[in-house]
Amino acid sequence: QKEVEQNSGPLSVPEGAIASLNCTYSDRGSQSFFWYRQYSGKSPELIMSIYSNGDKEDGRFTAQLNKASQYVSLLIRDSQPSDSATYLCAALYGNNRLAFGKGNQVVVIP
Amino acid sequence: GAVVSQHPSRVICKSGTSVKIECRSLDFQATTMFWYRQFPKQSLMLMATSNEGSKATYEQGVEKDKFLINHASLTLSTLTVTSAHPEDSSFYICSAGQGPNTQYFGPGTRLTVL
């Protein structure tokens, strides 16, 4: 069973602060990783993908990947109330299947 | 980006009935689609991989005779929940791929079994 772990509880951050989310994965063969945002009652939407070790920045979002440690993270800078959602980490494994973590709820306080 | 639709968006049915959910890729062809289920406060769990023109591949623990998948064309996959029971109440989401690193998710179908 491919596992993706997101162990942090709900995260509350003040507006304008940085939100930091972490994720670990079990399948060392996974090469592609994704962060999805999911609003309550909606389906996930892709916000970041990362395939190589290091950092990848896209606007206010930065994803970090460390394959040796099997660790993926997401930073949200200048957090906005609209960023309040559940963030799901996912890893791609055999036959293009995605394994998702349980998600981290982020609440941005105005 | 590519668009994936699902129908219906919400369905309520009586226990013992069957419910069909459609997943369509509107502006691209998808040889592979995926079906997920999400219970409240939990993550998405992959149920099966739907392959156009061939049998679906089910994940461990998912009953293939209960969750019938048909992928008859390159733009349509259907999931039929047979003899639905209250424990099948969930949020069912499909996705369609345009390559290994690109999956587009449908808006989801909320199933409530009374």
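Residues numbered from 1 in each chain as written. Chains lettered and ligands numbered in written order. Predicted model: local features only at pLDDT ≥ 70, side-chain atom pairs only at ≥ 80, totals over all residues. Heavy atoms only, no water.

(A) Seen up close, the sheet that holds strand S1 (residues 4–7) of chain B. Residues and elements named next belong to chain B. The 4 strands lie next to each other as S1-S3-S8-S7, forming an open sheet whose pairing is antiparallel. Both outer strands of the open sheet, S1 and strand S7 (67–73), are each paired with one neighbouring strand and no more. When the angles between neighbouring strand axes are averaged without regard to direction, this sheet yields 15°. As paired elements, S7 and strand S8 (residues 76–81) share 5 bridges and run antiparallel to each other. Within S8, the position partnered with Ser73 by the bridge is Leu76. (Pairing = 2+ DSSP bridges. Helix = DSSP H or I, 4+ residues; strand = E, 2+ residues; numbered from the N terminus. Axes fitted to C-alpha atoms, helices over the stretch in contact; angles between N-to-C directions.)

(B) The arrangement of the state of the cysteines in detail. Tallied over the full model, the rule gives 2 disulfides over all chains. Between the sulfur atoms of Cys23 of chain A and its disulfide partner Cys89 of chain A the distance amounts to 2.1 Å. The sign of the S-S torsion, about -70°, decides the handedness of the disulfide formed by Cys23 of chain A and Cys89 of chain A: left-handed. Of the two residues, Cys23 of chain A is situated in strand S3 (residues 19–25) and Cys89 of chain A in strand S9 (residues 85–93); the sequence distance between them amounts to 66 residues. In this structure, Cys23 of chain A and Cys89 of chain A share a single accessibility class: buried. Each sulfur of the disulfide joining Cys23 of chain B and Cys94 of chain B lies 2.0 Å from the other. Linking Cys23 of chain B and Cys94 of chain B, the disulfide has an S-S dihedral of approximately 80° and is accordingly described as right-handed. Pair noted here: Cys23 of chain B is in strand S3 (residues 19–25) and Cys94 of chain B is in strand S9 (residues 90–97), with a separation of 71 residues, a long-range link. Assessed through its relative accessible area of 0%, Cys23 of chain B is described here as buried. We classify Cys94 of chain B as buried; its relative accessible area is 0%. Here Cys13 of chain B stays free of any disulfide, with the sulfur of Cys94 of chain B as its closest cysteine sulfur at 18 Å. Classification of Cys13 of chain B by relative accessible area gives buried; the value is 10%. (Disulfide = S-S within 2.5 Å. Buried < 20%, exposed > 50% of the residue type's maximum accessible area, 1.4 Å probe, protein only.)

(C) Local environment of the side chain of Ser77 of chain B. All names here are of chain B. For Ser77, the position within the fold is in strand S8. There is a polar contact of 3.0 Å between the side chain of Ser77 and the side chain of Trp35. Looking at Ser77, its side chain comes within polar contact range of the side chain of Ser50, at 3.0 Å. Non-local contacts of Ser77, meaning those with residues more than four positions away in its chain, are made with Ile21, Glu22, Cys23, Met33, Trp35, Ser50, Ile69, Asn70 and His71. (Polar contact = N/O pair within 3.5 Å; in protein donor to acceptor, adjacent residues only side chain to side chain. Contact = heavy atoms within 4.5 Å.)

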